[in-house]
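Residue strings, one per chain:
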Amino acid sequence: MIKIINLFISALFIFLVFSACNRTGKESGLNKNTKAQNEPVKVIFDTDIAYDWDDVGALAVLHGLANLGEAEILGMAVAASDSETRLYAPQCLDIINTYYNRPDIPIGVCSPNGVDAGAVYTKDIVLNYGFTSDIGNNAPDAVELYRKILSEQPDTSVVLISVGMLTNLKDLLNSKPDQYSSLNGVELIKKKIKKWVCMGGTYPSGESSNFDGDEPTAQYSVDNWPTEILSVGRGSYDFYTGATLPDTPEDNPVRIVYELMQKKHGKEKIEHGSADLAAVIAAVRDPYKYWDVQTGGKIFVTYYGDDRWQSYTEWKKTEDGNHSYLIPGSEQTDTLRNLINELMTMPPLIETAASPVKVGFDTNMADD
Ligand SMILES: [Ca+2]
């Protein structure tokens, strides 16, 4: 009976959202895909949540798309190895997932091979939010988790979204047969993953982001990845989002992170960059709806010595290339901004006993 009531509440919520959008007459894009798309996109989300907070916005967008039935979140992993990030980033993810009433999403952590994420806000959120997650140091290894998830999914059904450094992907590529699959990493990826949507780089050429910090790993991952790659590079997300977050409940951890970081950076507005958020849209929805897409080539990553911020990406047309990128300068910027803001503002679908308690989160601690 409870399930039936929950289903009814979910259907009612979606109906109310669509009705509200139609009443305002504003271009929202929220209901564009629901008729054409029957099956939700199965997603793994690989994130360096710790320093930049667009990862948190991307999580909100992903949960919003899951609320609409467009995405199924199979699992997540943290893409950095420093001790603070390994401890607090999984808990921060768990807090956000629990807020959205998806407390059972499995979360993994990067091997010690990863880089320092330069954590800024995850510890603050975990220690002050008022909801305790016990995942912390108990989080499984990302590669083990990915292999388990992939082994359980239909062939070529999973979309992997990376919005951080690429250590987990390199480690997955190099993984050996285990209790979950007799396939090695490359074979398992080729069999189960439909495409990798990668936030990073500049296209058709330029300096990169997310590939910096561990450029050899980025180069290796791109060179050896056996499926289609769609890259979200600079210029394809030149708009700010998050303006609607103050309309959400005070205990929304996404709002709390944005307010905290607004304060830390002395920003006039709560809005923030949309790189990781755009990657989620491009992964779950048809990217051609919002961007022009260049297909049929290959991405090359080069780097210069050991310094950070010294890597360079270039896309070249090749005969059998299956790497594509969003062409910078989307004419759909206003549509994308509206869509993302509305997804970020969507409430959790169903209240459950697992929801975080109300808290009086004090963003003044940003002054500490
Ligand atoms: Ca990121």
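Residues numbered from 1 in each chain as written. Predicted model: local features only at pLDDT ≥ 70, side-chain atom pairs only at ≥ 80, totals over all residues.

How would you sum up the overall build of the chain? Please name residues and give values.
When its secondary structure is counted, the chain shows eleven helices and twelve strands. Sequence-distant contacts in the chain: of pairs separated by 6 or more residues, those separated by 24 or more amount to 85%. (Helix = DSSP H or I, 4+ residues; strand = E, 2+ residues; numbered from the N terminus. Contact = placed C-beta atoms within 7 Å.)

An account of the pairing of strand E12 (residues 323-326) is requested, with residue identities and associated values reported.
Side chains His323 and Tyr325 project from E12 onto one buried face, and the interleaved Ser324 and Leu326 project onto a second face that is buried too. Pairing of strand E7 (residues 228-232) with E12, which is carried by three bridges, proceeds in the parallel orientation. Note that in E12 the partner of isoleucine 229 across the bridge is histidine 323. (Buried ≥ 20, exposed ≤ 12 C-beta atoms within 10 Å, placed from the backbone. Pairing = 2+ DSSP bridges.)

Requested: an account of the environment of glycine 213, with residues and values cited.
When you line up the elements, glycine 213 lands in the loop between strand E6 (205-207) and helix H8 (215-224). Remark: the alpha-carbon pair of glycine 213 and aspartate 116, spanning 97 residues in sequence, is separated by 8.5 Å.

An account of helix H2 (residues 54-67) is needed here, citing residue identities and associated values.
An ideal rise of 1.5 Å per residue puts 20 Å on 14 residues; H2 measures up with 20 Å between its terminal C-alpha atoms. With 14 of 14 residues buried, H2 is to be regarded as a mostly interior element. (Expected span 1.5 Å × (residues − 1).)

Break down the sheet that holds E12 for me, with residues and values.
A sheet is described by the order of its strands in space; here ten strands give the open sequence E3-E2-E1-E4-E5-E7-E12-E10-E11-E6, paired in mixed fashion. In this open sheet, the two strands that pair with only one neighbour each are strand E3 (107-109) and E6. Taken pair by pair, the neighbouring strands of this sheet meet at an average axis angle of 30 degrees, ignoring direction. Two elements, E6 and strand E11 (residues 311-317), share three bridges in a ladder whose sense is antiparallel. (Axes fitted to C-alpha atoms, helices over the stretch in contact; angles between N-to-C directions.)

Just geometry here; none of it tells us what the structure is for.
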